[in-house]
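For reference, the chains in residue letters:
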Amino acid sequence: MMPGKDVVVIGGGAAGMMCAIEAGKRGRSVLIIDHSPKLAEKIRISGGGRCNFTNLHARPENYLSENPHFCRSALARYTPRDFIALVERQGIGYHEKKLGQLFCDGSSQQIIEMLKRECDAVGVQWWQPCQVRRVTQGGDFRLSTDRGEVRADSLVIASGGLSIPQIGASPFGYRIAEQFGIAVTPLRPALVPLTFAPEDLAHYAGIPGISIDAVVSAGGMQFRENLLITHRGLSGPAILQASSYWRPGEMIHIDLLPDEDAEALLLEHRWSQMQLANLLGRYLPKRFAQAWSAAVLPSRPMQQYSEQELRMLAARLHGWQLRPSGTVGYKKAEVTLGGIDTRELSSKTMEARKVPGLYFIGEVVDVTGQLGGYNFQWAWASGYAAGQYV
Ligand code: FDA
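Everything quoted here is computed from the prediction, not taken from an experiment. (Residues numbered from 1 in each chain as written. Predicted model: local features only at pLDDT ≥ 70, side-chain atom pairs only at ≥ 80, totals over all residues. Heavy atoms only, no water.)

A.B. asks: Kindly report on the sheet that holds strand β18 (residues 326–327), identifying the contributing residues and their values.
C.D. replies: Note: strands within a sheet are paired through backbone hydrogen bonds, in either parallel or antiparallel orientation. Pairing is antiparallel across the open sheet formed by 7 strands, whose spatial order is β17-β16-β13-β14-β15-β12-β18. Of all the strands in the sheet, just β17 (320–322) and β18 have a single pairing partner and so form its edges. Here strand β12 (residues 194–195) pairs with strand β15 (residues 233–235) via 2 bridges, running antiparallel. Its bridge partner being in β15, Leu-194 is matched across the sheet by Leu-234. Packed onto the sheet, helix α12 (residues 307–318) meets β16 (252–255) and β17 and runs at close to 110 degrees relative to β16. (Pairing = 2+ DSSP bridges. Helix = DSSP H or I, 4+ residues; strand = E, 2+ residues; numbered from the N terminus. Contact = heavy atoms within 4.5 Å. Axes fitted to C-alpha atoms, helices over the stretch in contact; angles between N-to-C directions.)

Here's what the structure looks like:
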């Protein structure tokens, strides 16, 4: 006879483990199936190896979705404080880096081990690595895998998004949605570096590694943090944040001197013999100041610019406009924007409205957090929500 479980979770990452723990606490028998040979690789590489596991200020406004209200209920029922309590109970040291972002003092491995211990404590079983070949439904769910077959009353899809295929990301969740006639919103890489158009690449490709404190605007949102010049384009937290709101073909706007009045500053030096690039080099990294001024107007002594040119330069300093040629794609994106259409799911339980017993949680759902621990908070909260009902 085919072995059976109350709950099978496909994907043993952040959301899947949280759901399994909560279901296990309710006495449900739970099996996690994951195709990766290693446990929770995304958690391991997150936050530069220290896992930015939540954000003290997580609110629905920090998430993108076609239905911005969908995440509200789950986020309210499992808050950053709830996850912090779990981390503290397990004696894991942590600190706030900036802007409410909480990181492990040690390594992200501590979060993985903590979740695994919690799973073990409630008897969660694992099939890993294990490929799911087929899912069918007839009253319950029947899964055919390379470890054999298994039945489940509830099936939870926690297989994540498309980012970083090198460590196991797959379109599994979207395929299951398609199989069951569940809509998926358009997908694209987010929290992702942007690439320069060829004309900009010519000016800036020679100065990778330069970091600037700037305000980056895209799609009606603006973010003040560092931007980083790379070999191919722009990265750094300000750009990653803006990338989620940027759409191909659109411009991004960058205020390079958010704390200065560029016009007053340039006009004040109007009669100086100093080169423009040298003046800008007092406020911006020198090599960037040179490359930027050469791209806008050849650098000359300040006294050789007309007042009109200086006003134009000032406007450009506060509104450097670029039209990126694209993004570097899922290989480097932190998350996938879009996913299971939230209109298909109950915001209370994460269950599919038209397929009782089928649940979607975590990144596979069309809920995408900003940079700074918000994506893990969604994984914990949506996993917790489903865990109460599976
Ligand atoms: P997650 O990707 O964690 O887990 C999915 C699981 O499903 C994986 O174990 C995978 O192997 C498995 N799977 C996939 N396909 C399968 C299949 N066909 N069959 C079986 N199993 C399958 N967020 C944040 O809040 N703070 C941070 O510091 C970072 N840092 C960060 C760095 C980098 C480099 C990346 C790429 C991402 C981040 N993130 C982040 C985002 C965060 O990692 C992400 O949003 C969550 O891990 C999503 O959790 P899920 O459980 O939904 O998917």
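A.B. asks: Just give me the short version of helix α1 (residues 14–25), but keep the residues and values in it.
C.D. replies: Compared with the 16 Å implied by 1.5 Å per residue over 12 residues, the 17 Å span of α1 between its first and last C-alpha is a close match. Counting buried positions along α1 yields 11 of 12 residues, so the element is predominantly enclosed. Buried within α1 we find Ala-14, Ala-15, Gly-16, Met-17, Met-18, Cys-19, Ala-20, Ile-21, Glu-22, Ala-23 and Gly-24. At the exit of α1 stands Gly-27, carrying a positive phi of roughly 85 degrees. (Expected span 1.5 Å × (residues − 1). Buried < 20%, exposed > 50% of the residue type's maximum accessible area, 1.4 Å probe, protein only.)

A.B. asks: Now, about the side chain of Ser-159: what can you tell me, with residues and values included?
C.D. replies: Note that Ser-159 resides in the loop between β10 (148–157) and α6 (172–179). A residue is classified by how much of its surface remains accessible, and Ser-159, at 17% relative accessible area, is buried. Only 3.3 Å separates the side chain of Ser-159 from the backbone nitrogen of Gly-173, close enough to count as a polar contact. Other than its neighbours up to four places away in sequence, Ser-159 contacts Ile-10, Gly-11, Ser-170, Phe-172 and Gly-173. (Polar contact = N/O pair within 3.5 Å; in protein donor to acceptor, adjacent residues only side chain to side chain.)

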